[in-house]
Amino acid sequence: MHIIVLGAGIVGVTTAYFLHEKGYTVTVVDRQREVAVETSFGNAGHVCPSYATPWAAPGMPAKALKWTVQSWLGMETALRWSPRLDRHQWRWLRQFLSQCNAERYAINKARMGRLARYSHSQLKAIRERLDIQYEQTTGGNLQVFRTQEGLDNAGLAAGVLAEAGVPFQLLDVAGCMAFDPALEAARGQLVGGMLLPQDETGNCPLFARALAEWLKTQGVVFRLGTAVRALAHAGGELTGLHVDDEHGQSALLQADAYVVACASASVSLLAPLGLSLPVYPVKGYAITAPVTDAAAAPRSGVMDEYYKVAITRMGNHIRAAGTAEIGNWDTRVSPRDCATAIKSLKSLYPNGADMSRLQYWAGLRPMTPDGAPLIGATSYARLYLNAGHGSNGWTTACGSSRLIADRIAGVTSEIVSDDLGPLRVI
Ligand SMILES: Cc1cc2nc3c(=O)[nH]c(=O)nc-3n(C[C@H](O)[C@H](O)[C@H](O)COP(=O)(O)OP(=O)(O)OC[C@H]3O[C@@H](n4cnc5c(N)ncnc54)[C@H](O)[C@@H]3O)c2cc1C
């Protein structure tokens, strides 16, 4: 049986891996000429099964309103929103707001945590099997708090983690320094932290490319530089893909099944089939700077809860990523857009990075209103979906991809996954 995976981001590549594992013949198609150059390229690199949390939470509407007004007044904030005359945006926002209550939050958080923890086990199995090196750090990530309010909220989150059996440690300021001595330079700004010892970091595109290279040696075909223009269908089933290659040649590609892993672009691909996906692009920004003094750089992943900026040691570099911008679909970036990430990095690790050599990046998080990706069969025969991984796609890719491969193979999944289906009601 031949399966085409649409998309060669982290989700598409890991999907190809698990389909190959099942014995299928696999082709991966992507419009880009390289693997993992869109959203998967510049993410913060946190693999955070303990931290994975829906953005839709009680209290979020008020916070979002405050941030929006502040951003309209020109202040640096974690969230920016440009209202558009776009039914898709307003429908997504309405669905997002419907999830901002305690009951939905508990359900959504439990679902995301289950997937993220499963995904972590699958990631570890791949790296052990193939000995993939991707600038990973293990041994835990640290959340740091700059305000008492932030620390109090961590106390509430601790209850949820304890209930789920996820290890964590609430730390005072000295405890934060003990975990990451480079934070000494920021001692006066912190009130405490939470250590999540199971969480990790890693360079997502390095992992995706190493895995793709291995898959190629196993016979998986990567048709890069090939854009899917439209999905062909008849009688309620998918019959092929109309593609244009990089030389402008058009073709119809056919297989026995198709898995769409095109992140936010999945929406416009599936819309002509009458499938309306609850995925909306939420733009984020990242800066990357060379390490100047290893002792003054983070040892792994740090989440600056006040600015909502994730800071990560990636080999000889430090990355800082954050900001959620709703209503901005392009991936252009200016230094001004990265002001919050710069501020956070400079204040926590003032001597760790060469800030005169910053690289800037922006990507579109494919967000669902409830935070979890859409994994499973669609209402069209032969057409499957693995998309909408939002702010956690590096964390959840391996688990999602194992689930979709199990689903196609008709194998019972190792975790409950019915509530991750693309047709779920949000
Ligand atoms: C600022 C930022 C920080 C983040 N930090 C983290 C983090 O620390 N941890 C974490 O777990 N997640 C993080 N994420 C989220 C994570 O990066 C994404 O969830 C993940 O990369 C999504 O992977 P993907 O493969 O679905 O998407 P992509 O990497 O975007 O891949 C989709 C692919 O589909 C292809 N495609 C689209 N349309 C077509 C078409 N018509 N024809 C052919 N090909 C097509 C694209 O070229 C692309 O290669 C972050 C995201 C951002 C923006």
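Starting from 1, residues in each chain are numbered consecutively following that chain's sequence as written. Note on the predicted model: pLDDT of at least 70 is required for a residue's local features to be given, and 80 or more for side-chain atom pairs to be given and counted; whole-chain, interface and lining totals, by contrast, use all residues. Hydrogen atoms and water are omitted, and side-chain values are computed over all heavy atoms in the structure.

## Overview of the pairing of strand E14 (residues 280-290)
Relative accessibility under 20% of the residue-type maximum defines a buried residue, over 50% an exposed one, and the middle range a partly exposed one, all with a 1.4 Å probe and only protein chains included. Where helices and strands are cited, they refer to DSSP runs of H or I of at least four residues and of E of at least two residues respectively, numbered from the N terminus. The buried count for E14 comes to eleven of eleven residues, which makes it a mostly enclosed element. In E14, alternate side chains face the same way, and those of Tyr280, Val282, Gly284, Ala286, Thr288 and Pro290 on one face and Pro281, Lys283, Tyr285, Ile287 and Ala289 on the other are all buried. As judged from the nine bridges shared by E14 and strand E18 (residues 359-367), these two strands associate in the antiparallel manner. Within the sheet, the bridge partner assigned to Tyr280 lies in E18 and is Met367. Any two strands between which DSSP finds at least two bridges are classified as paired. When E14 meets strand E17 (residues 317-326), the two strands line up antiparallel, connected through eight bridges. Looking at the pairing, Ala289 lines up with Ile318 of E17.

## Overview of the site of the ligand
What surrounds the ligand is a group of 34 residues, the closest being Asp30, Thr39, Ser40, Gly390 and Thr395. What qualifies as a polar contact is a pair of N or O atoms within 3.5 Å, subject to a donor-acceptor requirement within protein and to the restriction that residues adjacent in sequence count only when both atoms come from side chains. Note that an oxygen atom of the ligand is positioned 2.7 Å from one of the side-chain N or O atoms of Thr39. The backbone of Ala44 places a nitrogen or oxygen atom 3.0 Å from a nitrogen atom of the ligand. Among the secondary structure elements, those contributing two or more residues to the shell around the ligand are helix H1 (10-21), strand E10 (226-234), E14, E18 and helix H10 (393-409). Formed jointly, the shell around the ligand draws a minimum of three residues from each of two domains, domain 1 (2-40 + 206-277 + 371-424) and domain 2 (50-100 + 132-200 + 280-367). A molecule or strand has a residue near it when one of that residue's heavy atoms lies within 4 Å. Domain boundaries shown here were taken from an automatic or database domain assignment.

## Considerations on the sheet that holds strand E12 (residues 250-253)
In spatial order, the strands read E10-E11-E12; together these three strands make up an open sheet with antiparallel pairing. A single partner strand is all that each edge strand has here, and the edge strands are E10 and E12. Averaged over neighbouring strand pairs, the angle between their axes works out to 25° when direction is ignored. Pairing of strand E11 (residues 237-245) with E12 involves four bridges; the strand directions are antiparallel. Residue Asp244 lies in a different strand from E12, and its bridge partner there is Ser250. Axis definition: a line fitted to C-alpha atoms, limited for helices to the stretch in contact. Angles are taken between N-to-C directions and run from 0 to 180 degrees.

## Quick notes on the domain arrangement of the protein chain
The domains assigned to the protein chain are domain 1 (2-40 + 206-277 + 371-424) and domain 2 (50-100 + 132-200 + 280-367). The distance between the C-alpha centroids of domain 1 and domain 2 comes to 28 Å. Both faces combined, the contact of domain 1 with domain 2 buries some 1400 Å², and carbon together with sulfur accounts for 67% of it. Every case where a carboxyl oxygen of Asp or Glu lies within 4 Å of a side-chain nitrogen of Lys or Arg is listed as a salt bridge. Joining domain 1 to domain 2, the criterion identifies zero salt bridges. Inspection of the region where domain 1 meets domain 2 yields five residue pairs in polar contact (both at pLDDT 80 or more). Computed with a 1.4 Å rolling probe, the buried area is the accessible surface lost when two parts are put together, summed over both parts.

## Considerations on the environment of Gly399
Inspection of the secondary structure puts Gly399 in helix H10. Classification of Gly399 as buried rests on a relative accessible area of 0%. We call two residues in contact when some of their heavy atoms are within 4.5 Å. In this structure, Gly399 is in contact with Leu115, Tyr118, Ser119 and Gln122, ignoring residues within four places of it in sequence.

## So, the pattern of salt bridges
Counted by the stated rule, this structure contains 23 salt bridges. Put simply, Arg129 and Glu21 hold a salt bridge, and the shortest N to O gap is 2.9 Å. You can see Arg129 sitting in helix H4 (residues 102-130) and its partner Glu21 sitting in helix H1, a full 108 residues away along the chain. Connected via shared salt-bridge partners are Lys22, Arg402, Asp406 and Glu414.

## A few points about the sheet that holds strand E9 (residues 221-223)
Strand pairing in a sheet takes place through backbone hydrogen bonds and is either antiparallel or parallel in direction. The strand order E9-E2-E1-E13-E20-E19 describes an open sheet built from six strands, whose pairing is mixed. Bordering the open sheet on either side are E9 and strand E19 (374-377), each of which pairs with just one other strand. The average angle at which neighbouring strand axes cross in this sheet is 20°, direction not considered. In this structure, strand E13 (residues 257-260) lies alongside strand E20 (residues 383-387), joined through three bridges in parallel fashion. The residue of E20 that forms the bridge with Val260 is Leu385. Of the strands in this sheet, strand E1 (2-6), strand E2 (25-29), E9, E13 and E20 are in contact with H1, which crosses E1 at around 165°.

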